[in-house]
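Descriptive analysis of the structure
What follows is each chain in one-letter form.
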Amino acid sequence: MTDHGPAPENVAVLVCIGGRSRRMNGVSKPDLRIGTETILERLVHATSGAAQHLAVGHRDTALPPLPETVSHFVERPPYSGPAFALAQAAMTVPRHQPWIALLAGDLPYFDSAAFTALRCAARPDRVTAFTDETGRPQWLTALWPRSLLVDQAETVEPNGPMRSLYQEVEIQSLTWNESPRPWQDCDTFAELHRARRILA
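Residues numbered from 1 in each chain as written. Predicted model: local features only at pLDDT ≥ 70, side-chain atom pairs only at ≥ 80, totals over all residues. Heavy atoms only, no water.

1. With respect to the overall build of the chain
The number of helices and strands found in the chain is five helices and nine strands. The helix and strand sequence of the chain, counted from the amino end, reads β-β-β-α-β-β-α-β-α-β-β-α-β-α. Compactness check: the chain gives a C-alpha radius of gyration of 16 Å against a globular reference of 16 Å for 200 residues, within 12% of the reference. Principal-axis analysis of the C-alpha atoms places the extent of the chain at approximately 40 × 40 × 35 Å. Expressed as a percentage of the 200 residues in the chain, the buried residues total 52%. Within the chain, counting contacts between residues at least 6 apart in sequence, those at least 24 apart form 70% of the total. Carbon and sulfur atoms provide 48% of the accessible area of the chain, an area that totals close to 9,900 Å². Charged side chains of the chain number 19 positive and 22 negative; the gap between the two group centres comes to 4 Å. (Helix = DSSP H or I, 4+ residues; strand = E, 2+ residues; numbered from the N terminus. Rg over C-alpha atoms; globule rule 2.2 N^0.38 Å. Buried < 20%, exposed > 50% of the residue type's maximum accessible area, 1.4 Å probe, protein only. Contact = heavy atoms within 4.5 Å. Areas by Shrake-Rupley, 256 points an atom, 1.4 Å probe, with all protein chains shown as cover. Lys, Arg positive; Asp, Glu negative; His and termini not counted. Charge placed at Lys NZ, Arg CZ, Asp CG, Glu CD.)

2. Focus: the pairing of strand E8 (residues 137-145)
In terms of burial, E8 is largely enclosed, as eight of its nine residues are buried. What sits between strand E7 (residues 127-131) and E8 in their antiparallel hairpin is a turn of five residues, with Gly135 showing a positive phi close to 90 degrees. (Pairing = 2+ DSSP bridges.)

3. Here's the deal with the nonpolar core
Of all hydrophobic cores here, the largest spans 65 residues; its most connected members are Leu14, Leu102, Phe110, Phe130, Trp144 and Leu165. By residue number, the principal contributor to this core is helix H2 (residues 82-90), which donates seven residues. Excluding residues within four positions of it along the chain, Trp144 makes contact with Pro98, Trp99, Ile100, Leu102, Val127, Leu149, Gln152, Leu165, Tyr166 and Val169. (Core = buried A, V, L, I, M, F, W, Y, C linked by side-chain atoms within 4.5 Å.)

4. As for the pattern of salt bridges
This structure, assessed with the given rule, holds six salt bridges. The salt bridge involving Glu133 is made with Arg181; its shortest N-O contact spans 2.8 Å. You can see Glu133 sitting in the loop between E7 and E8 and its partner Arg181 sitting in the loop between strand E9 (171-174) and helix H5 (189-198), a full 48 residues away along the chain. A single network of salt bridges, built from pairs that share partners, joins Lys29, Asp106 and Asp187. (Salt bridge = Lys/Arg side-chain N within 4 Å of Asp/Glu carboxyl O.)

5. Focus on the environment of Thr134
With respect to the helices and strands, the residue Thr134 is situated in the loop between E7 and E8. Owing to a relative accessible area of 67%, Thr134 belongs among the exposed residues under this scheme.

6. Comments concerning the sheet that holds strand E6 (residues 99-104)
The mixed open sheet is built from seven strands, whose spatial order is E5-E4-E1-E6-E8-E7-E9. At either end of the open sheet lies a strand with only one pairing partner, and these are strand E5 (70-73) and E9. Direction aside, the axes of adjacent strands within the sheet are offset by 25 degrees on average. Bridge count between E7 and E8: three bridges; the pairing is antiparallel. Within E8, the position partnered with Thr128 by the bridge is Leu143. H2 contacts strand E1 (11-16), strand E4 (52-56), E5, E6 and E8 of the sheet and is inclined by roughly 155 degrees relative to E1. (Axes fitted to C-alpha atoms, helices over the stretch in contact; angles between N-to-C directions.)

Given below as structure tokens:
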């Protein structure tokens, strides 16, 4: 794919890491390994060249350190939900970084081609998001103009649903016909084992 979108160095990447992972016994999904890398490391490599990588949400201090190039942001108050955490984190992104990507921290299949596709489809007046086969936008595989996201961030309440961040925002839908899809996550150990088989 020819890359004609915003350059990676104009994109701040916010990765949501603070989920409680109830269906996987509380394990930190971004720290799960797919081959030699954690899922978070895979996402950092997929978005290589980005202006910054920010892991957003609570992280147990007993876990290994984050990758060297990844900063950490915890919302206040803690455990206020991913929408609120990402909204707060977005407001810390410098003005000179005009784009912000929002990614879930458990996306084993999101790769550099998916990042390029988002950037190529980007529009300065709307959010670009992958959309599944049913037409549902995937909130955490999205690319926002920074100014639009910061405006929306001010309206998000603690513990609000992720869709509250997208209310009354025009969405540029992006489809992906190949399998597996960039937005497919690891919510269960069965899904993790499948990802390991596919990406082996």
